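What the coordinates show
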Amino acid sequence: MKVLRTRAELEQLDAWRGAAPLVLVPTMGALHQGHLSLVRLGAELGPVVVTIFVNPTQFGPSEDFDAYPRTLEADLDLLRPLGVKAVFVPEVSEVYGPADGPAQVTVQPGARAAGLCGGDRPGHFAGVLTVVAKLFGMTRPDVAVFGRKDAQQCLVIRQMVEDLHMPVRLVDGPTMREEDGLAMSSRNRYLEGPKRQQALCLVRSLRRAEEMLAAGVRERAVLRQAMLDVLAESDQAEYAEIRGVPDLQEDATLSGMTLLAVAARVGPARLIDNLVLDIQPDGIEPGHLLGPGKDI
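The following refers to the structure shown. (Residues numbered from 1 in each chain as written. Predicted model: local features only at pLDDT ≥ 70, side-chain atom pairs only at ≥ 80, totals over all residues. Heavy atoms only, no water.)

**Let's talk about the pairing of strand β10 (residues 283-286)**
Where strand β9 (residues 269-280) lies against β10, 4 bridges are found, and the strand directions are antiparallel. What sits directly across from Leu277, in β10, is Pro286. The loop that links β9 with its antiparallel partner β10 comprises 2 residues. (Pairing = 2+ DSSP bridges. Helix = DSSP H or I, 4+ residues; strand = E, 2+ residues; numbered from the N terminus.)

Put into structure tokens, the structure is as follows:
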């Protein structure tokens, strides 16, 4: 497994192009089993390149960029047994240029970035799209794998790829959970003692809405209030939303591919979680974000 740190060193990726799709798994490090599941999914498609880069432009002034966990050596130890071909670990200047350099081109998101995590985090998705576009340009993958837990991010990136005709296929891997149901996240390590149990209100709020949908409830306001009632156990509920996929609009009727999404603060951690469901007249089934079989 090669550890690459500069754009010039990325020329080594050419050795793995051609026979099978080159697969990119972008991460910010502090890896857990959720990340590793994406690597394993990617390895089913072709040789895998993982990026580890804590992207400063997607953090707001009061967010946890400086405190975000950085565990590079442990991350590399986790990746080595998985057959990863290369790990790209650039410095900020390698991605964005010198701090005193010229003004930089950025990518501005479309309507899918409005609301949900985009509502309280101005500039967040512009930072996400800009760094993803840069990583695509530097590594030139055929396929990129993202985690479904960051559902809005997946759909915002999908819109960028479609609108800008980027030659990369997108795959979303399912959310991985701890035994008690908590969605795996690098920020879970901020949770201690009773805060760890308190954080379970996110997944319980989603399961409550899922149960109601399975029972035939289709009133958006009723479902949303049920989610908020459970989410009130957090320190601060940020949102509980029900949106259509892929455009993240509040469709007039609840049918087809639908996102149930929640965000809340528990202790020092801002946590998100979601379920993607395919709502049909005769019941509900697990859903997807990027299309069945379309991107694999």
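**Here we look at the sheet that holds strand β2 (residues 23-27)**
Strand order in this open sheet of 6 strands is β1-β4-β3-β2-β5-β6, and the pairing throughout is parallel. The open sheet has two free edges, formed respectively by β1 (2-4) and β6 (169-173), since each of these has just one partner strand. Averaged over all adjacent pairs, the angle separating strand axes in this sheet is 25 degrees, with direction ignored. Of the pairings in the sheet, the one linking β2 to strand β3 (residues 48-52) comprises 5 bridges and is parallel in character. (Axes fitted to C-alpha atoms, helices over the stretch in contact; angles between N-to-C directions.)

**Some details on the side chain of Arg187**
Here Arg187 lies in the loop between β6 and α6 (194-198). Non-local contacts of Arg187, meaning those with residues more than four positions away in its chain, are made with Phe59, Asp64, Tyr68, Ala269, Arg270 and Leu271. (Contact = heavy atoms within 4.5 Å.)

**Considering the packing of aromatic side chains**
All told, the structure shown has 3 aromatic pairs when counted by the stated rule. Note on Phe53 and Tyr96: the rings are 6.4 Å apart at their centroids and 35 degrees apart in plane angle, and the pair reads as tilted. Here Phe53 is found in the loop between β3 and α2 (72-79), whereas its partner Tyr96 is found in helix α3 (residues 92-96), with 43 residues between them in sequence. Judged by relative accessible area, which is 10%, Tyr96 ranks as buried. (Phe/Tyr/Trp six-rings, centres within 6.5 Å; stacked < 30°, edge-to-face > 60°. Buried < 20%, exposed > 50% of the residue type's maximum accessible area, 1.4 Å probe, protein only.)

**Here we look at the nonpolar core**
In this structure, Val132, Phe136, Phe146, Ile157, Leu170, Leu259 and Leu289 are the most contacted members of the largest nonpolar core, which totals 46 residues. Only β4 (86-88), α3, α4 (124-139), β5 (143-147), α5 (151-163), β8 (256-266) and β9 provide two or more residues apiece to this core. One finds Phe59, Tyr190, Leu231 and Leu260 within the second-largest nonpolar core, a separate group that totals 32 residues. (Core = buried A, V, L, I, M, F, W, Y, C linked by side-chain atoms within 4.5 Å.)

**Examining unusual backbone geometry**
Geometrically, the link from Val245 to Pro246 is a cis peptide bond, its omega value of 15 degrees lying close to zero. Here the phi dihedral of Leu116 falls at roughly 50 degrees; this positive angle occurs in a residue that is not glycine. With respect to the helices and strands, Leu116 occurs in the loop between α3 and α4. Among the residues examined, Leu116 registers a relative accessible area of 7% and is labelled buried. Its identity is not glycine, yet His165 carries a phi of approximately 55 degrees, on the positive side. Mapped onto the fold, His165 is located in the loop between α5 and β6. Classification of His165 by relative accessible area gives exposed; the value is 69%.

**Things to note about the pairing of β9**
Residues in a regular strand point their side chains to alternate faces of the sheet. In terms of residue burial, β9 counts as a mostly covered element, since 11 of its 12 residues are buried. Inspection of the sheet shows β8 paired to β9 by 11 bridges, in the antiparallel sense. For Thr258, the partnering residue across the bridge sits in β9 and is Leu277.

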